Amino acid sequence: MAKNSAAPASNDAPSDGTVLNGVPVTGKGRATPSRAEQEAARKRPLVPDTKEAKARARAELQAQRDKARVGMAAGDPRYLPARDQGAQRKFVRDYVDAGWHLGEAVMPAMVVVILATFIPVPEVQYYSFVALWIFILFVVGDMVLTSINAKRAVKAKFGADKIEKGLGWYAAMRTVQMRFLRLPKPRVKRGQRPV
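Residues numbered from 1 in each chain as written. Predicted model: local features only at pLDDT ≥ 70, side-chain atom pairs only at ≥ 80, totals over all residues. Heavy atoms only, no water.

1. A few points about the layout of surface pockets
Next, step 1: When its volume is computed, the largest pocket comes out at roughly 190 Å³.
Next, step 2: Taken together, 16 residues form the lining of the largest pocket, with Gly75, Pro77, Leu80, Lys90 and Arg93 sitting closest to its centre.
Next, step 3: For the lining of the largest pocket, the element with the highest residue contribution is helix H3 (residues 87-97), accounting for four residues.
Next, step 4: Of the residues belonging to the lining of the largest pocket, the class tally is five nonpolar, three polar and eight charged. (1 Å grid on protein atoms, 1.4 Å probe; cavity = no way out; pocket = protein on both sides within 12 Å on 5 of 7 lines; lining within 4 Å. Points joined across faces, edges and corners; volume = space filled by probe spheres on them. Helix = DSSP H or I, 4+ residues; strand = E, 2+ residues; numbered from the N terminus. Nonpolar A, V, L, I, M, F, W, Y, C, P; charged D, E, K, R; others polar.)

2. Observations regarding the side chain of Arg179
Next, step 1: Along the chain, Arg179 turns up in the segment after helix H6 (167-176).
Next, step 2: Despite its burial, Arg179 pairs with no opposite charge, the nearest such side chain being Asp97 at 4.7 Å.
Next, step 3: At a separation of 2.6 Å, a polar atom in the side chain of Arg179 contacts the main-chain carbonyl oxygen of Val188.
Next, step 4: Contacts of Arg179, omitting those with residues within four sequence positions, involve Asp97, Glu104, Pro186, Val188, Lys189 and Arg190. (Buried < 20%, exposed > 50% of the residue type's maximum accessible area, 1.4 Å probe, protein only. Lys, Arg positive; Asp, Glu negative; His and termini not counted. Salt bridge = Lys/Arg side-chain N within 4 Å of Asp/Glu carboxyl O. Polar contact = N/O pair within 3.5 Å; in protein donor to acceptor, adjacent residues only side chain to side chain. Contact = heavy atoms within 4.5 Å.)

3. As for unusual backbone geometry
Next, step 1: Pro184 follows Leu183 through a cis peptide bond whose omega is -15 degrees.
Next, step 2: Structurally, Pro184 can be placed in the segment after H6.

4. Things to note about the packing of H3 against H6
Next, step 1: At a minimum axis distance of 10 Å, the contact between H3 and H6 shows a crossing angle of 35 degrees. Two packed elements cross with a definite hand, and for H3 against H6 that hand is right-handed. Facing H3, whose interface residues are Gln88, Arg89, Val92, Arg93, Val96 and Asp97, H6 presents Leu167, Tyr170, Ala171, Arg174 and Thr175. (Axes fitted to C-alpha atoms, helices over the stretch in contact; angles between N-to-C directions. Left-handed = near helix turned anticlockwise from the far one by under 90°.)

5. Here's the deal with the packing of aromatic side chains
Next, step 1: Tallying each qualifying case throughout the model produces two aromatic pairs.
Next, step 2: Judged by centre distance (6.0 Å) and plane angle (85 degrees), the rings of Phe91 and Phe158 are edge-to-face. A residue pair is termed long-range when its members are at least 10 positions apart, and Phe91 in helix H3 and Phe158 in helix H5 (residues 122-158) qualify at 67 residues.
Next, step 3: A relative accessible area of 8% means that Phe91 is categorised as buried.
Next, step 4: We classify Phe158 as partly exposed; its relative accessible area is 25%.
Next, step 5: Ring centres of Tyr126 and Tyr127 lie 5.1 Å apart, and the angle between their planes is 75 degrees; this geometry places the pair in the edge-to-face category. (Phe/Tyr/Trp six-rings, centres within 6.5 Å; stacked < 30°, edge-to-face > 60°.)

6. Examining H3
Next, step 1: Counting buried positions over the eleven residues of H3 gives nine, a clear majority of the element.
Next, step 2: Listing the buried residues of H3 in full gives Gln88, Arg89, Phe91, Val92, Arg93, Asp94, Tyr95, Val96 and Asp97.
Next, step 3: Next to the buried residues of H3 lie H5 and H6.

7. A word on the nonpolar core
Next, step 1: Residues Phe91, Val92, Tyr95, Val96, Ala150, Ala153, Val154, Leu167, Tyr170 and Ala171 constitute the largest nonpolar core, which totals ten residues.
Next, step 2: Those elements that place two or more of their residues in this core are H3, H5 and H6.
Next, step 3: Top element by residues in this core is H3. It accounts for four residues.
Next, step 4: For Val96, the residues in contact, after removing those within four places along its chain, are His101, Thr146, Ala171, Arg174, Thr175 and Arg182. (Core = buried A, V, L, I, M, F, W, Y, C linked by side-chain atoms within 4.5 Å.)

Rendered as structure tokens:
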């Protein structure tokens, strides 16, 4: 391969005609960095792996979760899951929250039965279990009645041809939750039926 005599001048070549403080400059004024120095200067991590970046990302994620939790508790449609969205679901929640339901007392009743098993009297243990099962039958009956009544109320308000599926089950499951644990939080007081 033949060498080309008209090769371009390198960066190290002196610049012609440059004068600095009355003295002609014959070079660029600094040493050319070695290849290792140039590669080291170009290296940087693709993803910052610092403790500050990780802590900042964790704080941002926690802030987003807190915002979503507060929005869901308040009933903000942007933060509600698909099962809680819609005007009919909101109406059913208000309908259930306006009443008293036996299902709210299931967990406390189970705690009482567990405590009764520590009493060393077999009759107390036996009858506490029997009472719990009878109570659960009443709870199931209350769930069925609430489901039927909630669907009737939705039909009366929204029309019979526009009823969403699953509203009865949605109402029944909300009756079993204790009022202060329900999400979205209750918006109506007891006895204040939605219209």
